[in-house]
Amino acid sequence: MRASDADRDRIAAVLREHYAEGRLNVEEFDERLELAYNAKTHGDLAVLTRDLPFVDMRSFAARPEPTPAKPAKADEGMRGAWTVWAMASGINWVIWLIVSLTTWEGIYPWPLWVMGPWGVVLLVNQLSSGKRKDEK
């Protein structure tokens with residue numbers, strides 16, 4: 001009987017399992033995997049696992065399960081940008097506070113001019129990147 005792509009994928013999954021458990025070395029695994037994807041019949045596929053312990057092939061999916069999505073690099077980059085903004089803003093406020101306390105005068109809160117425009121740019125960038133993700 002002719003083998004389907006799903007049959008070939010199941011045998012490939014079985015071979016991967018046996019390779020992971022150490023029953024096959026790299027060369028054997030590569031050779032058998034190539035033969036599995038070139039197999040035309042169920043008999044061709046059966047030969048590939050004949051000397052291996054029985055594994056219930058129905059427990060293997062025909063196609064590998066999709067992996068959960070990782071956070072995008074852009075999300076990590078924005079988190080880093082906000083962290084740098086917060087640190088720089090904090091340092092500026094500490095400098096302002098030290099100068100204000102040592103001069104005994106109410107100095108104009110100039111750190112607002114540092115953190116304000118920078119924060120607005122970061123906020124616009126983050127909001128626009130969120131819209132781009134929704135469009136994809």
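Model, not experiment: these values are computed from the prediction. Counting from 1, residues in each chain are numbered in the order their sequence is written. Only residues with pLDDT of at least 70 are given local features in this predicted model, and only at 80 or more are side-chain atom pairs given and counted; all residues enter the totals for whole chains, interfaces and linings. Calculation of side-chain values draws on the structure's entire complement of heavy atoms; hydrogens and water are dropped beforehand.

S.K.: How should the overall build of the protein chain be read in this particular structure?
M.R.: Each helix and strand counted, the protein chain has five helices and zero strands in total. The buried label goes to any residue with under 20% of its type's maximum accessible area, the exposed label to any with over 50%, and the partly exposed label to all in between, with areas taken from a 1.4 Å probe on protein chains only. Burial status across the protein chain gives 24% buried among its 136 residues. For the protein chain, the exposed area adds up to about 10200 Å²; of that, 63% sits on carbon and sulfur atoms. Helix numbers and strand numbers start at the N terminus; a helix is a DSSP run of H or I with at least 4 residues, a strand a run of E with at least 2. Computed with a 1.4 Å probe, the accessible areas rest on the Shrake-Rupley method; for each residue, only the protein chains presented here act as cover.

S.K.: How should a negative patch on the surface be read in this particular structure?
M.R.: Patch construction takes residues with relative accessible area above 30% that form no salt bridge. Like charges are linked within 9 Å, and nonpolar side chains (Val, Leu, Ile, Met, Phe, Trp, Tyr) are linked within 5 Å. Salt bridges, as used here, are contacts in which a Lys or Arg side-chain nitrogen is within 4 Å of a carboxyl oxygen on Asp or Glu. All tallies of charge rest on Lys and Arg as positive and Asp and Glu as negative; His and the ends of each chain are not included. We put the charge of a Lys on NZ, of an Arg on CZ, of an Asp on CG and of a Glu on CD. Together, E27, E28, D30, E31 and E34 give the surface a local cluster of negative charge. With relative accessibility at 52%, the residue E34 sits in the exposed group.

S.K.: In this structure, what is going on with the environment of L35? I would like to understand it.
M.R.: Checked against the element boundaries, L35 lands in helix α2 (residues 26-38). The sequence separation of L35 and R8 amounts to 27 residues, and the corresponding C-alpha distance is 9.5 Å.

S.K.: For this particular structure, what's the right way to read the environment of N92?
M.R.: You can see N92 is positioned in helix α4 (residues 73-103). Using a relative accessible area of 15% as the deciding quantity, one classes N92 as buried. Sequence-wise, N92 and V114 are 22 residues apart; in three dimensions their C-alpha atoms are separated by 8.1 Å. By the convention used here, residues are in contact when the closest approach between their heavy atoms is within 4.5 Å. Aside from chain neighbours lying at most four places away, what touches N92 is W110, P111 and V114.

S.K.: In this structure, what is going on with the nonpolar core? I would like to understand it.
M.R.: Here is a general trend for soluble globular proteins: nonpolar side chains tend to be buried in one another's company. Among the nonpolar cores identified, the biggest contains 12 residues, and these are A3, I11, A12, L15, L24, F29, L33, A36, A39, L45, L48 and L52. Setting aside anything within four residues of it in sequence, one finds L48 in contact with I11, L15, R32, L35 and A36. Take the buried Ala, Val, Leu, Ile, Met, Phe, Trp, Tyr and Cys residues and link them wherever side-chain atoms come within 4.5 Å; each set so joined is a nonpolar core.

S.K.: Just checking my understanding: could you explain the pattern of salt bridges for this structure?
M.R.: Pairing between side chains becomes possible if they bear opposite charge and their charged atoms approach one another. Tallying each qualifying case throughout the model produces four salt bridges. Ionic pairing is found between R8 and D5, a salt bridge with its closest N-O pair at 2.9 Å. Of this pair, R8 and D5 are both found in helix α1 (residues 5-20), three residues apart, which corresponds to roughly one turn of the helix. With a closest N to O distance of 3.2 Å, R10 and D7 form a salt bridge. Here the residue R10 and the residue D7 both occupy positions in helix α1, the gap between them amounting to three residues, near one helical turn. Judged by relative accessible area, R10 falls into the partly exposed class, the value being 25%.

So far we have only geometry, and geometry alone does not tell us how the molecule works.
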